[in-house]
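Here is how the chains run, residue by residue.
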Amino acid sequence: MLSALLNIDCSLNGSRSQGDKLLSDLSTWRIGGPCKYFVQVSDQHQLASAVRHCNQQSMRYIVIGKGSNCLFDDLGFHGCVIRNSIVFLERNQPGLFRAGSGYPFNRLGLQTANEGFSGLEFAGGIPGTVGGAAYMNAGANEQETADVVESVEIMTREGECKILNRSELSFGYRWSSFQDMKFLAAITAVTFKLKVSESAKKNQQEYLERRRCSQPLEETSAGSVFRNPLGTDLSAAQLIEMAGLKGCRVGGSVISEKHANFFINRGGATCGDMLRLIDLAKEAVWRQFGVVLHEEVLYIPP
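Residues numbered from 1 in each chain as written. Predicted model: local features only at pLDDT ≥ 70, side-chain atom pairs only at ≥ 80, totals over all residues. Heavy atoms only, no water.

Enquirer: Teacher, can you tell me more about the UniProt feature "domain: FAD-binding PCMH-type" (unreviewed entry) in the protein chain here?
Expert: UniProt's feature table lists "domain: FAD-binding PCMH-type" (unreviewed entry) at residues 30–197, given in the numbering used throughout. Annotated as residues 30–197, this span is 18% helix and 40% strand, and its ends, taken at the C-alpha atoms, are 38 Å apart. (UniProt positions renumbered as here; feature names shortened; annotations may be inferred. Helix = DSSP H or I, 4+ residues; strand = E, 2+ residues; numbered from the N terminus.)

Here it is in structure tokens:
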């Protein structure tokens, strides 16, 4: 049944096809059981073939990038995990950068700032991919992805390609209209329009230094767990810290002592550990401050 799918690209799992790819290997949290089927794609044609094959087989599937915003279940995923490795970068004209959705977002941020372009300085410290950044409208340091998006190329669940201009898209805080598109299979490429700036590299270096000093970048995490709540000047990290939860542990998962919105896998953490720690933080913040925290990370059920 999977011969067509596996012929797309078996570079990560060789001839293996069933139940032997651990999702913990595909997640920055290093959590997750085996997926039933796994395939890696490196261009839009391969992605279309994988999506169409899954549809033909009535097979459940998900498309992931670097897994930096995912919490996979301990039971794994009972379908096909398609890893997006569409990695390319084109400079079509000065300030116009078209990147494959699997392109590392931090690498793009570093490259564009080094070349003297402003708009993605914040991206230099954000793990994940270009596609994930557009989907979540990633941001930091008063910049966000939506500010510089020119157009986005997507693939529908029927395996068809479409180009959406900026005027056809909506963005908000850690939100984009992609999150409400029922027909969306994946983002495949994003074109960014940046401005020339002599201070881009210097500004980025300052951002990165602040990040190194304030976040546990050397630890095993998924970045920020919660969105910052609306209607208050306090961040999610400040609320969690004020609730006295820094260093709080459930199994192998712990709330970072350095930044309270980073939940760390200190070794052997399970999905269950992390979900319980997330619930504990949400309950404590609600009980003490009356503020509801909403997850930025996405839990993927089996």
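Enquirer: Just checking my understanding: could you explain the environment of I82 for this structure?
Expert: Looking at the secondary structure, you find I82 in strand β5 (residues 77–84). Take I82: its relative accessible area is 0%, and that puts it in the buried class. Considering only alpha carbons, one finds I82 and A186, 104 residues apart in sequence, at a separation of 10 Å. (Buried < 20%, exposed > 50% of the residue type's maximum accessible area, 1.4 Å probe, protein only.)

Enquirer: Looking at this structure, I do not really get the nonpolar core. What am I missing?
Expert: Looking at soluble globular proteins, one finds that nonpolar side chains tend to be buried together. In this structure, F105, L108, L120, F178 and F192 are the most contacted members of the largest nonpolar core, which totals 31 residues. The set of elements that each furnish at least two residues to this core consists of β7 (96–100), α3 (105–114), α4 (130–136), β11 (149–156) and β15 (184–193). When residues of this core are assigned to their parent elements, the largest contribution, four residues, is made by β15. V225, A236, L245 and A284 belong to the second largest nonpolar core, which has 27 residues in total. (Core = buried A, V, L, I, M, F, W, Y, C linked by side-chain atoms within 4.5 Å.)

Enquirer: Would you mind showing me how to read the pattern of salt bridges here?
Expert: Any two side chains of opposite charge can pair, so long as their charged atoms come close to each other. Across all of its chains, the model carries eleven salt bridges by this definition. For E219, the salt bridge goes to R266, with nearest N and O atoms at 2.8 Å. Taken together, the residues E219 in the loop between α5 (200–214) and α6 (236–242) and R266 in the loop between β19 (263–265) and α7 (271–289) connect sequence positions 47 residues apart. Classification of R266 as partly exposed rests on a relative accessible area of 33%. Close ionic contact of R276 with D273 constitutes a salt bridge, the shortest N to O distance being 3.0 Å. Of the two residues, R276 and D273 both sit in helix α7, three residues apart, roughly one turn of that helix. (Salt bridge = Lys/Arg side-chain N within 4 Å of Asp/Glu carboxyl O.)

Enquirer: Help me understand the packing of α3 against α5, please; the structure alone is not making it clear to me.
Expert: Helix packing for two helices is described by the angle between their axes and how far apart those axes are. Relative orientation of the contacting elements α3 and α5 amounts to 140°, with a least axis distance of 8 Å. Contacts between α3 and α5 involve G109, L110, A113 and N114 on the former and, on the latter, A200, K201, Q204 and L208. Of the residues belonging to the contact of α3 with α5, the class tally is four nonpolar, three polar and one charged. (Axes fitted to C-alpha atoms, helices over the stretch in contact; angles between N-to-C directions. Contact = heavy atoms within 4.5 Å. Nonpolar A, V, L, I, M, F, W, Y, C, P; charged D, E, K, R; others polar.)

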